[in-house]
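Spelled out from the first residue to the last, the chains are:
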Amino acid sequence: MENKKKSGFTGSIGFVLAAAGSAVGVGNIWRFPYLAARDGGGLFLLVYLVLVLTFGFTLLTTDIALGRKTGKNAWNAFSCVCPRWGFIGKLTFLVPVIIMTYYSVIGGWVLKYTSVYLSGRGAKAAEDDFFISFITSKAAPIVFMLIFLAITAFIVYTGVEKGVERFSTIVMPGLFVMILGIALYSLTLSHTDASGITRTGLDGLAVYLIPDFKGLTFSRFLNILLDAMSQLFFSLSVSMGIMITYGSYVKKDVNLNKSIAQIEFFDTAVAFLAGLMIIPAIYVFSGTDGMASGPSLMFVSLPKVFSSMGKAGIIVGVIFFLMILLAALTSCVSIMETLVANCSNIFKTSRKKTSFWISLYSAVTAILICLGYNIFYFELKLPNGSVGQLLDIMDYISNSFLMPLISLLTAVFIGWVIKPKWIIEEVETGNVKFGRKKLYAFMIRYIVPVIMSILFLQSLGLFS
Ligand code: PFF
């Protein structure tokens, strides 16, 4: 009955697709490539892949099993196991509160590009200043963000099962095929710049795949590690309560071990291919200088790829931005859904009323973030060495600071207080074979606490 009330998923595929719908979003297609490019390509990629197979798997397993075993959302899951550690659940709630402030802003950017391509003005989007002049203008980013947010709020209003599940089934496979096609095309590009230097897609591929250890210092390595870890949290939607809540919707006959491996694989494959689609292209058109451009990377490089395709590029652009828009929507829906579910639980208000207040909160904060590129513009040097505006600061607080802290606390709680066996038993429910059981126990007890402590201190700038 409890499951029914909370709109449980219809089965294993439904759960995997809904979780993938939350996990796969602008994090994979926008955030991963710009971090990988900024951190030099191959080295970041290598670090990220190692982290997915170790930390990603451990954290995802913990969240989903904790949710299913307790049948509770993050706010209550920890306290129902052990009241003294209940504060972790409250802390996780802060993450979607912060991410919500800027996710819809990026959703608005994607919406803007979708509308530009739909109206046949794709060539304009490939011009050098297009992106900057758009985000620094006062009204347009706010208008697009508000439309994006309104669509998100509408979906949340209709409930998890109908909204997220149905959406993800259609969008995810299509997005995957599309990204693969564009990635392969990117590799065929070639461009000669004003100084006569020709760069090809395959040169760019080498930058993306081959780690460059030249001049690597300990502090730079820690920064790459922190960037990769923050990306892992954000991309897999772990350590923010969301996968705990999703886990609580999962029926006992679903094979968690298999579902987790599928989510991990799908999320990483999309990120990897997004990098393959964007990094060689930016290298071809702008060289290594262009690679450091940060959040604008996808919006600057992809239109150039599409315009190099001639007429076909307009159609590819339309379909592509529509797909990203849908991926962004499914993720944003999951963030807002968590906020609504938790708040209506905490304040004992109806879903309807809570949705209204959360939408209002999201709109007001996102307007402030949009204004961070004009009226409230300033440059703050972040402890990881990059310079950020309001959006980057919020991103830093949630992904680089809060999430290592939450993961550290969760690992100490699971590894040392209730012991890994508690989670392992849940994964093994129904005689499921948990292949990476030993790795899980070792990671959660020793490796996660140590590395998260170091990263947490690094996020405060202690080793810089
Ligand atoms: N994982 C999503 C992405 O990669 O875009 C972002 C996200 C979804 C963050 C859900 C937070 C969240 F609660």
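Note: the structure precedes this text.
Residues numbered from 1 in each chain as written. Predicted model: local features only at pLDDT ≥ 70, side-chain atom pairs only at ≥ 80, totals over all residues. Heavy atoms only, no water.

**Student:** Explanation requested: the packing of aromatic side chains in the structure shown.
**Tutor:** To describe a pair of aromatic rings, one takes the distance between the centres and the angle between the planes. Per the stated rule, a full pass over the model turns up 33 aromatic pairs. Ring centres of F32 and Y48 lie 5.0 Å apart, and the angle between their planes is 65°; on these two criteria the pair is classed as edge-to-face. With a gap of 16 residues between them, F32 in helix α3 (residues 26-38) and Y48 in helix α4 (residues 42-70) connect regions that are remote in the sequence. Assessed through its relative accessible area of 1%, F32 is described here as buried. Residue Y48 is classed as buried on the basis of its relative accessible area, which comes to 1%. Note on F134 and F144: the rings are 6.2 Å apart at their centroids and 75° apart in plane angle, and the pair reads as edge-to-face. Here F134, found in helix α8 (residues 130-136), pairs with F144, found in helix α9 (residues 140-157); they are 10 residues apart in sequence, far enough to count as distant. For the pair shown, F134 and F144 are each scored as buried. (Phe/Tyr/Trp six-rings, centres within 6.5 Å; stacked < 30°, edge-to-face > 60°. Helix = DSSP H or I, 4+ residues; strand = E, 2+ residues; numbered from the N terminus. Buried < 20%, exposed > 50% of the residue type's maximum accessible area, 1.4 Å probe, protein only.)

**Student:** So what exactly am I meant to see when it comes to empty space enclosed by the protein here?
**Tutor:** If a probe the size of a water molecule is rolled over the atoms, the empty space left behind becomes visible. Summed over the entire model, instances satisfying the criterion amount to four cavities of 30 Å³ or more. Its boundaries defined by the atoms lining it, the largest cavity holds a volume of some 130 Å³. In this structure, the largest cavity is lined by 14 residues; those nearest its centre are Y34, R38, N384, S386 and D395. The set of elements that each furnish at least two residues to the lining of the largest cavity consists of α3, α12 (218-236) and α18 (390-418). Its residues assigned to classes, the lining of the largest cavity comprises five nonpolar, four polar and five charged. Taken as a whole, the second largest cavity spans an internal volume of roughly 100 Å³. Lining the second largest cavity are 13 residues, and of these S22, Y103, F234, S237 and I335 lie nearest its centre. (1 Å grid on protein atoms, 1.4 Å probe; cavity = no way out; pocket = protein on both sides within 12 Å on 5 of 7 lines; lining within 4 Å. Points joined across faces, edges and corners; volume = space filled by probe spheres on them. Nonpolar A, V, L, I, M, F, W, Y, C, P; charged D, E, K, R; others polar.)

**Student:** Help me understand the packing of helix α6 (residues 87-118) against helix α15 (residues 297-308), please; the structure alone is not making it clear to me.
**Tutor:** Each packed pair of helices is defined by two parameters, the angle between the axes and the distance between the axes. Packing of α6 against α15 leaves a shortest axis separation of 12 Å and a crossing angle of 20°. Here α15 runs roughly parallel to α6, going by the angle between their axes. Helix-helix and strand crossings are classified by hand; for α6 and α15 the assignment is right-handed. Side by side, α6 and α15 meet where W109, V110, Y113 and Y117 of the first sit next to M298, F299, P303 and F306 of the second. (Axes fitted to C-alpha atoms, helices over the stretch in contact; angles between N-to-C directions. Parallel < 35°, antiparallel > 145°, perpendicular 65-115°, else oblique. Left-handed = near helix turned anticlockwise from the far one by under 90°. Contact = heavy atoms within 4.5 Å.)

**Student:** How do you make sense of the site of the ligand when you look at a structure like this?
**Tutor:** Lining the immediate surroundings of the ligand are 16 residues, of which A23, G27, Y103, F234 and M240 lie closest. Between N28 and the ligand, the recorded distance is 3.3 Å, taken from a side-chain N or O atom to an oxygen atom. S237 is positioned with one of its side-chain polar atoms (N or O) 3.0 Å from a nitrogen atom of the ligand. Protein contacts shield 100% of the accessible area of the ligand, which totals 340 Å² for the unbound molecule. Comparing atom positions with the cavity grids shows the ligand to sit within the second largest cavity. Those elements that provide at least two residues to the shell around the ligand are α2 (12-23), α3, α6, α12 and α16 (311-346). Each residue belonging to the shell around the ligand can be placed in one class, and the counts come to eight nonpolar, eight polar and no charged. (Near = heavy atom within 4 Å. Polar contact = N/O pair within 3.5 Å; in protein donor to acceptor, adjacent residues only side chain to side chain. Areas by Shrake-Rupley, 256 points an atom, 1.4 Å probe, with all protein chains shown as cover. Sits in = over half its atoms within 2 Å of the grid points.)

**Student:** Can you walk me through the side chain of T354 in this structure?
**Tutor:** Mapping T354 onto the fold places it in helix α17 (residues 351-371). A distance of 3.0 Å separates a polar atom in the side chain of T354 from a polar atom in the side chain of T349. Beyond its immediate sequence surroundings of up to four residues, T354 is in contact with V340, C343, S344 and T349.

**Student:** Help me out: how do you make sense of the pattern of salt bridges in this one?
**Tutor:** Where charged atoms from two side chains of opposite charge come close, those side chains can pair. Under the defined criterion, the tally for this structure stands at 11 salt bridges. With a shortest N-O distance of 2.9 Å, R436 and E264 are connected by a salt bridge. Linking R436 in the loop between α19 (421-427) and α20 (437-459) with E264 in helix α14 (residues 256-290), this pair joins segments that are 172 residues apart in sequence. A relative accessible area of 4% means that E264 is categorised as buried. Linked by salt bridges that have partners in common, R68, K252 and E426 make up one network. (Salt bridge = Lys/Arg side-chain N within 4 Å of Asp/Glu carboxyl O.)

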